[in-house]
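Each chain is listed here by its residues.
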Amino acid sequence: MRRGRPASTRESLYLICGLVALTQASWGLVVPVLPVYAHQFGATAAQLGVLVSSFSVARVLVNIPAGMLADRVNRRTVVLIAVAAVGVVLAATAAAQNLPTLIGMRLLLGLAGGVAITVGQSLLADLTDRSSRGQAMATLQTFQLAGSSLGPALGGITAGVFGPRASYLLAGLVALLMAGWASTRLPAAPVREEHEGGTRRPGGMITLFADRSYVAACLIGFTVFFIRFGGQQTLLALIAYTWIHLSTSTFGITLGVLAVVNMGMVRIVGRLSDRSRKLPIVCSLLATGIGYVGFSFAHWPAVFFIAFAVVGLANGLSGSVPAAYCADVLPARLRGSGIGIYRTFGDLGGLVGPVALGVLIDRGGLSVAGIATAAVSIISAIVFALLAQETVGRRARHPGADVHKGTAEPAPASAGPQIDGGLA
C-alpha cells in the first residue's frame, strides 16, 4: 500500500481518537445483536450473562500487560495491530457455529479491544502536554460519545435487514479499513520526545504507588466506573421502573437526552480542565453524591428527574478529566503501564459496582443502595481532594516528580511538537 504524506500533529490526534472511539463503537454496534445471535445457539439467561461478562473479564486481564507492552515497543504499531485484530475477531465472530466459539470470540475481542484503548490513550497522552491534554481527552470523549450513540442504531438496523451475522461483518470491515487508512497517515513515531531531566533511577510499576496523586487517580477511576455500571445502569433503572413506573422508552429517551447534553458540555469542560484538573473532579463527585441521596427518596417523578439532572450535569462536569489527570501524574517512561493499571481499577469498579449494589438492593432495598452509592462518591471526592495535587494552573505542583525526581513531564516550553492550547 502506498503511504501518503504523514499526518500533522493535529491530524494524528484525530486519527488516534478515531481508532480508540471506533473500537468502542464496534462493541456498541453489536450490543443489540448479541442476545439475538446467542439465542440462535440456544443460550440460557445465565449463559448470556457469561457471554457478556467475558468481555469485561478479558479487559481486566489485559490492561496492565498492554500498558507494559506500550512502555517497551512502538505504541503506534501496537495500536494499529490491536485495531486490526478487533476487526478480524469481529468478522470471525460472524462465522461462529456454536456458543463456546461465540464466548471465545468475545474473550478475544475483549483482549484486542483492551490493548487498543489502553495503548491508544497512552499514545494520545504522549502527543499532548498538560496545557492542552484536557482538550485532547475531551476530543476523545466526543468521538466516543458519537460512536456509542450511532453504533447500536447502525447495528440494529443492519441486523434487522440482513441478519445478526451481518452486523459483525460490517463492524469488522470498518475496523480493518480504519486501521489500514491510519497506517498510511500516522507517522512512524507520532510520540513527541520527552526531555526528562536528571538521572533515571531504577524502579518499575510498583514505584507508581509511592505517588499519592496517582493512587488518588486510580481511586477516581474505580469510583467513576462503580457509579456508572452499578449506579446508573443498575440502581437507577430499578428506581425508574419500580418507584416511578417509567416505561422503557421514556427511560431510554431520558438517557439519550442526557448523553446529548453531556456531549455538548465536553469541549467546554475540556477547556476548563486545562485550568484546573482537581476542581471539576471534586465538584462532580460531590454533586453526584448529592444526586444519589436524592434518588434514595425519589418516590415521586419530580424528585427523580431533579436528582437525575444533578447527576447528569455532574457527569458532564468531569467527563474526561480523570483520564487527563492520570496522564499528568505519570512519568513518561511508565505512562503505558500506569494507564493500564488505572484502566484496570476502572474495569474492576465496573465489575464490583453492579454486584455490590445488587446485594444491597436485595438485602436493604433501593434506598440503602442509593445512600451507599452517595457515600462512595462523596468519600472518594474527599480523599481525592486531600491526596491529589493540582497539575495545571497556578497551583500546579507536577506530582509525577514525587516518585522519581526528574522523571516528571517537562514544561510545555521545553517540549517538542504538541497540540496547541487552542485546539478546536
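Look above for the structure.
Here we summarise the structure given alongside this text. (Residues numbered from 1 in each chain as written. Predicted model: local features only at pLDDT ≥ 70, side-chain atom pairs only at ≥ 80, totals over all residues. Heavy atoms only, no water.)

1. Digging into the overall build of the chain
Here's step 1: Scanning the chain from N- to C-terminus turns up 14 helices and 0 strands.
Here's step 2: Ordered by position from N to C terminus, the α and β elements of the chain give α-α-α-α-α-α-α-α-α-α-α-α-α-α.
Here's step 3: Among the 424 residues that make up the chain, the fraction classed as buried is 53%.
Here's step 4: Look at the contacts in the chain between residues 6 or more apart in sequence, and 87% of them connect residues 24 or more apart.
Here's step 5: Surface accessibility of the chain: about 17,600 Å² in total, with carbon and sulfur atoms responsible for 70%. (Helix = DSSP H or I, 4+ residues; strand = E, 2+ residues; numbered from the N terminus. Buried < 20%, exposed > 50% of the residue type's maximum accessible area, 1.4 Å probe, protein only. Contact = heavy atoms within 4.5 Å. Areas by Shrake-Rupley, 256 points an atom, 1.4 Å probe, with all protein chains shown as cover.)

2. Quick word on the side chain of Thr118
Here's step 1: Within the secondary structure layout, Thr118 lies in helix α5 (residues 99–126).
Here's step 2: Among the polar contacts made by the side chain of Thr118, one reaches the main-chain carbonyl oxygen of Gly114 at a distance of 3.0 Å.
Here's step 3: Setting aside residues up to four positions removed in sequence, Thr118 forms contacts with Asn63, Ala66, Gly67, Gly336, Ile339, Gly340 and Arg343. (Polar contact = N/O pair within 3.5 Å; in protein donor to acceptor, adjacent residues only side chain to side chain.)

3. Regarding α5
Here's step 1: Its 28 residues place the ends of α5 40 Å apart at the C-alpha level, agreeing with the 40 Å of an ideal helix rising 1.5 Å per residue.
Here's step 2: Among the 28 residues that make up α5, 21 are buried, leaving the element largely enclosed by the rest of the structure. (Expected span 1.5 Å × (residues − 1).)

4. Details of empty space enclosed by the protein
Here's step 1: One pass over the full model with this rule turns up 1 cavity of 30 Å³ or more.
Here's step 2: Quantified by volume, the largest cavity comes out at close to 30 Å³.
Here's step 3: In terms of lining, the largest cavity is formed by Gln121, Met137, Ala323, Cys326, Ala327, Ile339 and Tyr342.
Here's step 4: Every element with two or more residues in the lining of the largest cavity is listed here: α12 (321–329) and α13 (335–364).
Here's step 5: Sort the elements by how many residues they give to the lining of the largest cavity and α12 lands first, with 3 residues. (1 Å grid on protein atoms, 1.4 Å probe; cavity = no way out; pocket = protein on both sides within 12 Å on 5 of 7 lines; lining within 4 Å. Points joined across faces, edges and corners; volume = space filled by probe spheres on them.)

5. A word on helix α11 (residues 301–318)
Here's step 1: Under the 1.5 Å per step criterion, the end-to-end length of α11 is 26 Å for 18 residues, consistent within 8% with the ideal 26 Å.
Here's step 2: Here α11 has its buried residues at Phe304, Ala307, Phe308, Val311, Gly312, Ala314, Gly316 and Ser318.
Here's step 3: On its buried face, α11 sits against α8 (212–242), α9 (248–273), α10 (278–295) and α12.
Here's step 4: Just downstream of α11 lies Gly319, where phi reads positive at about 50°.

6. Brief notes about the nonpolar core
Here's step 1: In terms of nonpolar packing, the biggest core is built from 56 residues, with Leu19, Tyr214 and Phe384 touching the most fellow members.
Here's step 2: Among all residues touching Leu19, those that are not within four sequence positions of it are Val79, Leu80, Val83, Met178, Ala179, Ala182 and Leu186. (Core = buried A, V, L, I, M, F, W, Y, C linked by side-chain atoms within 4.5 Å.)

By themselves these figures say nothing about function.
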